[in-house]
Every structure is written in structure tokens, then in C-alpha cells.
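Examining the three-dimensional arrangement
Here is how the chains run, residue by residue.
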Amino acid sequence: MDVQQARTIFRGPMISVATPLTPDFELDLDALRSNVRFMIDRGVRQGQGVLLVAAAGGEFPMLSMEERKEVTRVSVEAARGEVPVATSIQFNGTREVVEMARFAYEVGASLGQLSAPFYYEPPDDDIFGLFKAASIESDLPIMIYNNWWNTLNMNIDMVARLAELRNVVVLKWSAPNSGQFTEGLHELTDRLAIIDNSGQHVWAHMMGAVGFITHVSNFWPEYPLEIWNLLEQQDYRQVIQKLTEFKWRWRKWVGKVVAETEGEGPFIKAAMEEVGLPAGPPRPPARPVSPALREELHRLLSEARSAA
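Here is a short report on the structure shown in this document. All of these numbers come straight from a predicted model, not from anything done at the bench.

Right, let's talk about the overall build of the protein chain for a bit. Along its length, the protein chain carries 12 helices and eight strands. Relative to the globule expectation of 19 Å for 308 residues, the C-alpha radius of gyration of the protein chain, 18 Å, shows essentially globular dimensions. With respect to the three principal axes, the spread of C-alpha positions in the protein chain is 50 × 45 × 35 Å. A total of 308 residues make up the protein chain; the buried ones form 57% of that total. If you take every contact in the protein chain between residues at least 6 apart in sequence, the share linking residues at least 24 apart comes to 71%. Carbon together with sulfur atoms contributes 49% to the accessible area of the protein chain, which is approximately 12800 Å² in total. Of the charged side chains in the protein chain, 30 are positive and 40 negative, and the gap between their average positions amounts to 3 Å.

Okay, structure coming up:
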């Protein structure tokens with residue numbers, strides 16, 4: 001796959017998909033299938049979205065490798081080729097990254113998300129070696145993830161070096177400051193299909209990004225799709241209006257949740273349950289959203305739906 005193909009396939013809202021669990025914290029694969037179909041039935045298709053499974057929204061740090069494989073396999077089956085399925089292949093060890101990349105490719109995943117190793121601060125050559133192994137030893141297209149708040153900030157030169165590797169075709173991009181974010185868009189947009197992970201929908205699209213990360217599609221697929229279609233029409237004023245109606249208020253509420261408990265699972269699953277979708281509890285040590293914040297979420301969603 002080349003970058004031009006990637007820009008066509010991995011386009012639109014990239015949805016960090018929740019991993020449903022049973023009350024005793026086991027995988028609920030039937031619920032996962034149902035939730036994937038819910039998003040597809042509401043308009044998520046190739047060119048209009050990508051499913052990113054077993055990643056942060058899917059609580060991957062709390063899942064075993066075998067659970068991550070099962071989530072990937074079942075998501076690909078449920079998608080039926082109608083929408084690309086990306087999956088996290090992130091591990092600290094090269095062997096595990098390669099194993100996950102090979103498995104994902106074999107079961108039909110379209111893309112693997114890979115960041116720098118965490119805990120130890122890796123030098124550039126270690127990062128390059130990790131990506132090179134995944135590139136050489138599997139045929140899975142790879143998305144660079146600059147997860148600078150949990151690992152380290154990969155500078156633009158490092159990302160450009162990784163872009164030279166076979167199968168490295170997508171960049172999930174954010175940066176610690178607006179200057180680096182903009183410079184990255186300017187320098188890399190012709191070399192990689194760029195997915196905005198900073199929430200700068202208008203600026204990123206104007207600079208050549210082909211999609212943005214969202215959690216909202218787990219429970220309201222139509223809203224990010226409407227924003228995406230307005231971006232493609234270059235109706236940026238209306239995009240800002242749509243963001244003020246819900247997204248910015250949602251992000252403030254999410255900020256309160258992550259101050260209360262860890263990870264992305266709790267706030268995604270609370271919203272899914274609010275609209276009647278099966279989600280189950282977050283995987284401990286994360287805890288369900290408190291009753292007070294659940295009530296605030298209820299009001300937020302009710303007001304947003306009434307205004308839609």
C-alpha cells in the first residue's frame with residue numbers, strides 16, 4: 001500500500017472503539033459485534049470512517065495479548081469489509097509487536113497502530129528498530145502514533161525517518177505545542193496520510209489531514225460524520241458551530257471523568273450505556289463514572305440531541 005491509497009482508505013472519523021465487558025470483566029464479544037454493526041448501520045463506511053480497536057479507547061493496557069487478538073479478529077469479522085479496521089500493535093518488546101502485526105494481517109485488519117516504547121525513554125535508533133522490525137517481518141500497513149504524553153515526543157525528523165520504511169503509511173498526529181503540530185502537518189502531509197489527534201479539526205483539515213480521532217461515534221456516529229462531511233465541503237464556519245453544540249462541552253465533561261478515574265473506557269462506556277448500547281464496566285483498576293457525573297452526562301446528551 002502506498003500513501004495515496006492510504007489517504008483514500010483511512011479517511012474520515014477514526015473511532016477509538018470501546019471493548020465491551022461482562023459484569024465479571026470478561027470480553028463480551030457478542031456486544032462488540034453488535035456495537036460494530038451499530039456504527040456501520042449509522043453510516044460509518046470506508047471513506048467515511050475507520051474503526052480503531054483494542055487501542056486506548058478499547059482499554060488495551062488492561063487486556064492480555066490473547067484478548068487483544070480476539071477483539072481484533074471479531075471486529076474484522078463484524079465489519080464484513082465495509083469499513084477498515086485498525087488495531088493497536090503497541091508493545092514494549094519487538095517480538096510481541098511483530099507477533100501482533102502478523103496476527104492482525106492474517107485476520108484481515110487493515111492497519112496497525114504503533115508508538116514508541118514506554119517506561120524506558122528510548123533513543124531514536126531503538127524506536128526505528130521497533131518500527132523496522134514490524135515493517136520487515138509483516139505485511140500489515142502501519143500507523144505511527146506520536147503518543148508523546150505517555151512515551152516521548154517523536155520529533156518531525158524522527159517521523160520522517162520512519163516514513164521511509166515499507167508499509168509505514170499513516171500518522172496519528174499530535175504534538176506538545178501548536179508550532180510542532182503545524183510544522184508536522186506542513187512537512188509530512190505529502191509523505192503520510194495524517195489523522196488529527198489534537199482536536200484541531202479545521203486547521204488540520206486545511207493543512208491536509210484526512211481524518212480525526214473520535215470517541216463519540218461509539219454512541220453517536222452521525223455527529224462526527226456530519227463534522228467530517230462539513231470539513232470535506234470546506235464549510236469551516238459550520239464545523240465550528242457543530243463543535244460548539246456538543247464536542248467542546250463533551251471534552252470538558254471528559255476532563256472531569258479522567259480526574260476521577262483512569263483511562264478512556266469509563267467515559268466512553270458511560271455514554272454508550274446512556275443511549276442503550278451494551279458496554280459493561282471498565283476493566284479495573286479503572287472504575288465506573290460516578291453518579292454525579294453520570295447525571296451531568298445525561299443532561300449533556302439530552303440537550304445535544306434536542307438541539308440536533
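Judged by how many residues are buried, helix α11 (residues 265-274) sits mostly within the fold: eight of 10 residues are covered. Of the residues making up α11, those classed as buried are Gly265, Pro266, Phe267, Ile268, Lys269, Ala270, Ala271 and Met272. Those residues of α11 that are buried are in contact with β1 (12-16), α2 (29-41), α10 (236-260) and α12 (291-307). Looking one or two residues beyond α11, the residue adopting positive phi is Gly276, at roughly 90°.

Another point: the environment of Tyr145. Tracing the backbone shows Tyr145 in strand β5 (residues 142-145). Here Tyr145 falls in the buried class, since its relative accessible area comes to 6%. Tyr145 sits 130 residues away from Val275 along the chain, and the two C-alpha atoms are 30 Å apart. With near-sequence residues (within four places) excluded, Tyr145 lies in contact with Gln90, Gln113, Leu114, Ser115, Ala116, Met154, Lys172 and Asn197.

Bringing the packing of aromatic side chains into the picture now. Enumeration over the complete set of coordinates arrives at 10 aromatic pairs. Through a chain of ring-to-ring contacts, three or more aromatic side chains come together here, namely Phe219, Trp220, Tyr223, Phe246, Trp250, Trp253 and Phe267. Taking NZ or CZ as reference, Arg161 lies 4.1 Å from the ring centre of Phe128, over its face. Note that Arg305 overlies the ring of Trp220, its terminal NZ or CZ placed 4.8 Å from the centroid.

Attention now goes to the side chain of His205. Structurally, the position occupied by His205 is in helix α8 (residues 201-206). The exposure class of His205 is buried, given its relative accessible area of 13%. If near-sequence neighbours (up to four positions away) are discounted, His205 is found in contact with Trp228, Leu231, Glu232 and Tyr236.

On the surface, a cluster of nonpolar side chains totalling about 480 Å² of accessible area is made up of Phe118, Tyr119 and Tyr120. Within the secondary structure, Phe118 sits in the loop between β4 (111-115) and α5 (124-137).

As summarised here, the arrangement of the eight strands in space is β1-β2-β3-β4-β5-β6-β7-β8, forming a closed barrel in which the pairing is parallel. Going across the sheet, the axis of each strand differs from the next one's by a mean of 25°, ignoring polarity. In this structure, β1 lies alongside strand β2 (residues 50-53), joined through three bridges in parallel fashion. Across the sheet, Met14 pairs through a bridge with Val50, a residue of β2. Sheet strands touched by α5: β4 and β5. Its angle to β4, the strand with the most contacts, is close to 165°.

Moving on, we come to a negative patch on the surface. A contiguous patch of negative charge, built from Asp124, Asp157, Glu183 and Glu187, is present on the exposed surface. Structurally, Asp157 can be placed in helix α6 (residues 156-162). Take Asp157: its relative accessible area is 64%, and that puts it in the exposed class.

It is worth spelling out the environment of Glu295 at this point. Locating Glu295 in the fold gives a position in helix α12. The exposure class of Glu295 is partly exposed, given its relative accessible area of 41%.

Once that is clear, we can look at the environment of Glu121. Looking at the secondary structure, you find Glu121 in the loop between β4 and α5. The class for Glu121 is exposed, based on a relative accessible area of 67%. Considered as a pair, Glu121 and Asn177 are 56 residues apart in the sequence and their alpha carbons are 20 Å apart.

Reading guide: rules and limits
Residues numbered from 1 in each chain as written. Predicted model: local features only at pLDDT ≥ 70, side-chain atom pairs only at ≥ 80, totals over all residues. Heavy atoms only, no water. Helix = DSSP H or I, 4+ residues; strand = E, 2+ residues; numbered from the N terminus. Rg over C-alpha atoms; globule rule 2.2 N^0.38 Å. Buried < 20%, exposed > 50% of the residue type's maximum accessible area, 1.4 Å probe, protein only. Contact = heavy atoms within 4.5 Å. Areas by Shrake-Rupley, 256 points an atom, 1.4 Å probe, with all protein chains shown as cover. Lys, Arg positive; Asp, Glu negative; His and termini not counted. Charge placed at Lys NZ, Arg CZ, Asp CG, Glu CD. Phe/Tyr/Trp six-rings, centres within 6.5 Å; stacked < 30°, edge-to-face > 60°. Lys NZ or Arg CZ within 6 Å of the ring centre and 35° of its normal. Patch = residues over 30% accessible without salt bridge, like charges linked within 9 Å, V, L, I, M, F, W, Y side chains within 5 Å. Salt bridge = Lys/Arg side-chain N within 4 Å of Asp/Glu carboxyl O. Pairing = 2+ DSSP bridges. Axes fitted to C-alpha atoms, helices over the stretch in contact; angles between N-to-C directions.

Coordinates in, geometry out; function isn't part of it.
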